[in-house]
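Per-entry structural report
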Amino acid sequence: MVQILFILILLIIGYSLRFAKFPEDFGKSLNLFVIYISFPATILLQVPNIEFNNSLWIAVVTPWSVLALSVLLVFLFFRHQPRNVLAALLLLIPLGNTSFFGFPMLEAVIGKEAIQYAIVYDQLGSFLMLSTYGAFIVGYFSGEKINISVIAKKILFFPPFIALVFASIAGSMPQITMPYIELLSHTLVPLALISVGFSMQLRLGDDKAIFTKALLLKLVLIPLIAIGVFTVLDIHNMTATVTLLEASMPPMITAGALAIHAGFAPRLSAALVGYGIVVSLITIPLLYKLILFIL
């Protein structure tokens, strides 16, 4: 409970900074530091600790399965909505905030040992989906040409992805460097959460019914379906628990930014990201208790 309260405080601090005399690109600056420094440092620390056992496939397959399920449910529940609303929901419901918000939440709910599995889910799931599926949705609904080479470059030169490949090959870093890497890694949670808070938009538009249905779909129905599948398949271990919670994260901030930039229901997109984070402070701990009870 104390850790959840700490997350809430950092989010409030970040949101409060919106009303101070901070530059508009302050959140972007924090994001760049997290992406180029904090996140890679965390990966260099955690990836060598990953136990490459038979259950690790769960963290790779699940995000793509959730993507397929999410797309199916979006078309099932929202197929009659305007094209721009449908495009926004196809970005925001499948893509979760599995790193900037997900890592701190997992550390608070489960502990630091969860991060190694979350990295696999995020980098081989969420990040690749954003770079490929996300680019396809934006290109298709905005009429832009999809450039495969640009997408490939973004993936290959993304700093956390480079750190993931390097750590997977090199293993543990030299002992003399560990205190400095740990110091940089410790900046991930506070800076990421302040950045998330600074980027939050809490103004609802006229699409309250769509907003409510979409949020329930993202934060309740999809996680419950995933938990049900894991229960039927009798999958119960740390990897499964972390994977299910990652699948329960609120809409991704970057996906929301893409939707807003492309003109896909901007106010709805911003509200889903902002309120999704707030509501998930309640839903994720409850889902964790349900996972422990069932699995």
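Below you will find a few notes about this structure. What you see is a predicted model; the values in this text were computed from it and never measured.

Secondary structure summary: the protein contains 14 helices and zero strands in total. Each helix and strand of the protein, ordered N terminal to C terminal, gives the series α-α-α-α-α-α-α-α-α-α-α-α-α-α. Whereas a compact globule of 295 residues would reach a radius of gyration of roughly 19 Å, the protein reaches 18 Å, a difference of no more than 12%. The dimensions of the protein, computed from C-alpha atoms along their principal axes, are 55 × 50 × 45 Å. Taken over 295 residues, the protein has a buried fraction of 53%. Long-range pairs, those at least 24 residues apart, make up 88% of the contacts in the protein between residues at least 6 apart in sequence.

Right, let's talk about the side chain of serine 99 for a bit. Examined against the element boundaries, serine 99 turns out to sit in the loop between α4 (83-92) and α5 (102-109). Take serine 99: its relative accessible area is 11%, and that puts it in the buried class. Non-local contacts of serine 99, meaning those with residues more than four positions away in its chain, are made with Phe39, Pro104 and Asp122.

Taken as a whole, the second largest pocket holds about 210 Å³ of empty space. Along its surface, the second largest pocket is lined by 13 residues, and Thr62, Ser65, Val66, Val229 and Phe230 are the ones closest to its centre. Among the elements of the structure, α3 (57-78) and α11 (208-232) are those that each provide at least two residues to the lining of the second largest pocket. The element contributing the most residues to the lining of the second largest pocket is α3, with seven residues. Per-class residue counts for the lining of the second largest pocket are 11 nonpolar, two polar and no charged.

About the criteria used
Residues numbered from 1 in each chain as written. Predicted model: local features only at pLDDT ≥ 70, side-chain atom pairs only at ≥ 80, totals over all residues. Heavy atoms only, no water. Helix = DSSP H or I, 4+ residues; strand = E, 2+ residues; numbered from the N terminus. Rg over C-alpha atoms; globule rule 2.2 N^0.38 Å. Buried < 20%, exposed > 50% of the residue type's maximum accessible area, 1.4 Å probe, protein only. Contact = heavy atoms within 4.5 Å. 1 Å grid on protein atoms, 1.4 Å probe; cavity = no way out; pocket = protein on both sides within 12 Å on 5 of 7 lines; lining within 4 Å. Points joined across faces, edges and corners; volume = space filled by probe spheres on them. Nonpolar A, V, L, I, M, F, W, Y, C, P; charged D, E, K, R; others polar.

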